[in-house]
Amino acid sequence: MEKKYSIAIDGPAGAGKSTIAKALAKEMGYYYVDTGAIYRTVAYFLDLLGISPKDADGVGRYIDELTVGIEYDETGKQHMIMNGMDVTDEIRTQDISQKASLVSAHKVVRDMLLDMQRDVAKHNNVIMDGRDIGTVVLPKATVKVFLSASPEIRAQRRTDELIAKGQKANFEQILKEIKLRDYQDSNRPIAPLKQAKDAVLLDTSNLDIAGVIAEMKRIVGEKIPL
Ligand code: DC
């Protein structure tokens, strides 16, 4: 089998991972795997059943009834399939962001999703983003980047994004949610959000999207011919 390249991008919510990963994947002809969407799908499924994301027994009891699928359409967009149903749009709410953060702390959830994520990388060149890609999912990734930015900058970006979409946005509320999610994702015992020892740290606080992409290309270009 031809050697596959993998680029792992980890970092907190709102650091710009998906924007950067998507752009780079398109340019390089790689698959973009948004692993947060997988946890969101689990959270959405349990939410529909009325199971609290903190309820370890409930999560353990119902998780086997869920089949998660990842599909790509002709534009390369990732779709999330929950028991045969496309839930790609439904999982993009603030409520599900929080619930995904809580649900992802359970071992049974992480165990169930690990092989599925590794499998995509085994058969394809991938850019995968999440919280534990460089540390747990793909410890041998060709390139590892930890993307960060201050909570205030991340909250401001999210606020601007929502306003640009014509939606309501409260900066203080968004900042509070970002800090809570940072705390939860970084302090769970299993696969917490942290920079892998061999990851390159890229602080995007003072960079625009073009600037981050240029930096990413420089980092990636050191390991993979572009
Ligand atoms: O990247 P995101 O905001 O869509 O992720 C939603 C939540 O899923 C995040 O707060 C924590 C969890 N997650 C995780 O635990 N591990 C990953 N690799 C990706 C996401």
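Analysis parameters
Residues numbered from 1 in each chain as written. Predicted model: local features only at pLDDT ≥ 70, side-chain atom pairs only at ≥ 80, totals over all residues. Heavy atoms only, no water. Near = heavy atom within 4 Å. Polar contact = N/O pair within 3.5 Å; in protein donor to acceptor, adjacent residues only side chain to side chain. Areas by Shrake-Rupley, 256 points an atom, 1.4 Å probe, with all protein chains shown as cover. Helix = DSSP H or I, 4+ residues; strand = E, 2+ residues; numbered from the N terminus. Nonpolar A, V, L, I, M, F, W, Y, C, P; charged D, E, K, R; others polar. Patch = residues over 30% accessible without salt bridge, like charges linked within 9 Å, V, L, I, M, F, W, Y side chains within 5 Å. Salt bridge = Lys/Arg side-chain N within 4 Å of Asp/Glu carboxyl O. Lys, Arg positive; Asp, Glu negative; His and termini not counted. Charge placed at Lys NZ, Arg CZ, Asp CG, Glu CD. Buried < 20%, exposed > 50% of the residue type's maximum accessible area, 1.4 Å probe, protein only. Pairing = 2+ DSSP bridges. Axes fitted to C-alpha atoms, helices over the stretch in contact; angles between N-to-C directions. Phe/Tyr/Trp six-rings, centres within 6.5 Å; stacked < 30°, edge-to-face > 60°. Contact = heavy atoms within 4.5 Å. Parallel < 35°, antiparallel > 145°, perpendicular 65-115°, else oblique. Left-handed = near helix turned anticlockwise from the far one by under 90°.

Undergrad: Just checking my understanding: could you explain the site of the ligand for this structure?
TA: The ligand sits among 15 residues. The nearest are Arg40, Arg110, Arg181, Asp185 and Arg188. Note that an oxygen atom of the ligand is positioned 2.7 Å from one of the side-chain N or O atoms of Asp185. Within the side chain of Arg188, a nitrogen or oxygen atom sits 2.8 Å from an oxygen atom of the ligand. In isolation the ligand has 450 Å² of accessible area, and contact with the protein removes 95% of it. Looking at the shell around the ligand, the elements with two or more residues in it are α2 (35-48), α4 (94-103) and α8 (171-187). Top element by residues in the shell around the ligand is α2. It accounts for four residues. Of the residues contributing to the shell around the ligand, the split by class is three nonpolar, five polar and seven charged.

Undergrad: I keep staring at a negative patch on the surface and nothing clicks. Help me out?
TA: Where like charges cluster on the molecular surface, the negative patch consists of Glu71, Asp86, Asp89 and Glu90. For Glu90, the position within the fold is in the loop between β5 (85-86) and α4.

Undergrad: How do you make sense of the pattern of salt bridges when you look at a structure like this?
TA: Side chains bearing opposite charge may pair, as long as their charged atoms lie close to each other. Counting across every chain of the model gives 15 salt bridges. Here Glu161 ties to Arg158 by a salt bridge, and the two come within 2.7 Å at their closest N and O atoms. Separated by three residues within a single helix, Glu161 and Arg158 lie in helix α7 (residues 151-164), roughly one turn from each other. The partly exposed category is assigned to Glu161, whose relative accessible area is 39%. Through salt bridges that share partners, Asp47, Asp95 and Lys99 make up one connected network.

Undergrad: Honestly, the sheet that holds strand β2 (residues 31-34) in this entry has me stumped. Any pointers?
TA: Strand pairs in the sheet, formed through backbone hydrogen bonds, run parallel or antiparallel to each other. Pairing is parallel across the open sheet formed by five strands, whose spatial order is β2-β6-β1-β7-β8. Each edge of the open sheet is held by one strand with a lone partner, namely β2 and β8 (200-203). Here the average twist between neighbouring strands, direction ignored, is 20 degrees. As defined by bridge partners, strand β1 (residues 6-10) adjoins strand β6 (residues 126-130) across five bridges and the pair is classed as parallel. Its bridge partner lying in β6, Ala8 is registered against Met128.

Undergrad: Just checking my understanding: could you explain the packing of aromatic side chains for this structure?
TA: Applying the stated criterion across every chain yields a total of one aromatic pair. Taking 4.8 Å as the distance between ring centres and 75 degrees as the angle between the ring planes, the aromatic pair formed by Tyr31 and Tyr72 counts as edge-to-face. With Tyr31 in strand β2 and Tyr72 in strand β3 (residues 68-72), this residue pair connects regions lying 41 residues apart in the sequence. Take Tyr31: its relative accessible area is 36%, and that puts it in the partly exposed class.

Undergrad: Honestly, the side chain of Thr142 in this entry has me stumped. Any pointers?
TA: Tracing the chain through its elements places Thr142 in the loop between α6 (133-137) and β7 (143-148). We classify Thr142 as buried; its relative accessible area is 18%. Within polar-contact distance, the side chain of Thr142 engages the backbone nitrogen of Ser6 at 2.9 Å. The residues contacting Thr142, other than those within four sequence positions of it, are Lys4, Tyr5, Ser6, Lys223 and Ile224.

Undergrad: How should the packing of α4 against α8 be read in this particular structure?
TA: To characterise two packed helices, one gives the angle between the axes of the helices and the distance between these axes. Axis separation between α4 and α8 bottoms out at 9 Å; the angle between their running directions is 20 degrees. Looking at the two axes, α4 sits roughly parallel to α8. Crossing hand, α4 versus α8: left-handed. Of the residues in α8, those in contact with Gln94, Ser97, Gln98, Ser101 and Leu102 of α4 are Glu177, Leu180, Arg181, Gln184 and Asp185. Broken down by class, the residue content of the contact of α4 with α8 amounts to two nonpolar, five polar and three charged.

The analysis is restricted to geometry; functional conclusions fall outside its scope.
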